[in-house]
Amino acid sequence: MSSTPVPPRRPDPSDGAASVPGASGSGSASGPDGAASGAAGAAGGEGARRPRRRDRHGRGMRGPVAPPQVPLSVSRSDAFDDLVRDAIGRLERRWPQLASVEFAVQEVPRADNGELDEGSGLVPLGRVTHARGEEPDRVVVYRRPVELRARNRDERALLVHEVVVEQVAELLGMDPESVDPRYGQD
């Protein structure tokens, strides 16, 4: 990826700083923004400063940090949400009945409402809640336990997909291999 520097701004003849007679060569008294300093620079107004057109080193305005199509920052939780959405999208194409299922991401399982079984000593990676009344079926993926078990983004994506497949299989009452034939394969 190459970056193109932003060219310096050419002086605008209408702003009065285009040229100062006799100010040529290395002995000129010009400031960092290209405008003459001293008596000639103050001739434009009573101490009024023009906005700076360049940075203090005279190289011009800084360009954008990243191209417009690249997000400047993506948090870990946003990246994890994207992985879950990708896994759900792959499964919804095969199983259209998943459109009525609510998928969620939660940081960690909570012990106060039964999400965490303290007696087993195991931390779940996800859970399924079957529909009750007007509440739809719900699949929850726990972000922190999944992140702690994966070393890099590729392993995390694979683990997220496997957790979603396992939870959907439990919801549908099927084997994970029936829900996704690629389940368990690297």
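Right above here is the structure, for reference.
Now for a quick tour of the structure. (Residues numbered from 1 in each chain as written. Predicted model: local features only at pLDDT ≥ 70, side-chain atom pairs only at ≥ 80, totals over all residues. Heavy atoms only, no water.)

Within the protein chain, the secondary structure is distributed over 4 helices and 3 strands. Within the protein chain, the fraction of its 186 residues that count as buried is 25%. On the protein chain, roughly 13200 Å² of surface is accessible, and the fraction owed to carbon and sulfur atoms is 49%. (Helix = DSSP H or I, 4+ residues; strand = E, 2+ residues; numbered from the N terminus. Buried < 20%, exposed > 50% of the residue type's maximum accessible area, 1.4 Å probe, protein only. Areas by Shrake-Rupley, 256 points an atom, 1.4 Å probe, with all protein chains shown as cover.)

Leu 91, Phe 103, Val 146, Val 160, Val 164, Val 168 and Val 179 are the most contacted members of the largest nonpolar core, which totals 25 residues. Elements with a minimum of two residues in this core: helix H1 (76–94), strand S3 (138–142) and helix H3 (153–172). Considering every element that reaches this core, the biggest residue donor is H3, with 8 residues. For Val 146, the contacting residues outside a window of four places in its chain are Phe 80, Leu 125, Val 141, Leu 159, Val 160 and Val 163. (Core = buried A, V, L, I, M, F, W, Y, C linked by side-chain atoms within 4.5 Å. Contact = heavy atoms within 4.5 Å.)

This part is about the sheet that holds strand S1 (residues 102–106). Strand pairs in the sheet, formed through backbone hydrogen bonds, run parallel or antiparallel to each other. One open sheet holds the 3 strands; their spatial order is S1-S3-S2, and the pairing between them is mixed. Of all the strands in the sheet, the pair left with one neighbour each is S1 and strand S2 (126–129). Mean inter-strand twist for the sheet, computed between neighbouring axes without regard to direction, equals 20°. One ladder, built from 4 bridges, connects S2 with S3; its direction is antiparallel. Of the residues in S3, the one forming a bridge with Arg 127 is Val 140. (Pairing = 2+ DSSP bridges. Axes fitted to C-alpha atoms, helices over the stretch in contact; angles between N-to-C directions.)

A separate point is H3. For H3, which comprises 20 residues, the first-to-last C-alpha distance of 28 Å matches the rise-based estimate of 28 Å (1.5 Å per residue) to within 8%. All buried positions along H3 are accounted for by Leu 159, Val 160, His 161, Glu 162, Val 163, Val 164, Val 165, Gln 167, Val 168, Ala 169 and Leu 171. Check the buried side of H3 and you find it contacts H1, S1, S2, S3, helix H2 (143–149) and helix H4 (176–179). Measuring from the side-chain oxygen of the N-cap residue of H3 to the backbone nitrogen of Asp 154 gives 3.2 Å; that N-cap residue is Asn 152. Gly 173, located one to two residues past H3, shows a positive phi value of around 70°. (Expected span 1.5 Å × (residues − 1). Polar contact = N/O pair within 3.5 Å; in protein donor to acceptor, adjacent residues only side chain to side chain.)

Inspection of the secondary structure puts Arg 153 in helix H3. We classify Arg 153 as partly exposed; its relative accessible area is 46%. Spatially, the C-alpha atom of Arg 153 lies 9.4 Å from that of Ala 79, the residues being 74 residues apart in sequence. Not counting residues within four places of it along the chain, the set of residues in contact with Arg 153 comprises Ala 79 and Leu 83.

Given a rise of 1.5 Å per residue, 19 residues ought to cover 27 Å, and the 28 Å separating the end C-alpha atoms of H1 matches this to within 8%. Those residues of H1 not exposed but buried are Ala 79, Phe 80, Leu 83, Val 84, Ala 87, Ile 88 and Leu 91. The inward-facing, buried residues of H1 contact S1, S3, H2, H3 and H4.

To characterise two packed helices, one gives the angle between the axes of the helices and the distance between these axes. One way to put it is that H1 packs onto H3 with a least axis distance of 9 Å and a crossing angle of 50°. The angle between H1 and H3 falls in the class oblique. Read as a crossing pair, H1 and H3 show a hand that is right-handed. Judged by residue contacts, Ala 79, Phe 80, Leu 83, Val 84, Ala 87, Ile 88, Arg 90 and Leu 91 of H1 engage Arg 153, Arg 156, Ala 157, Val 160, His 161, Val 164, Val 165 and Val 168 from H3. (Parallel < 35°, antiparallel > 145°, perpendicular 65-115°, else oblique. Left-handed = near helix turned anticlockwise from the far one by under 90°.)

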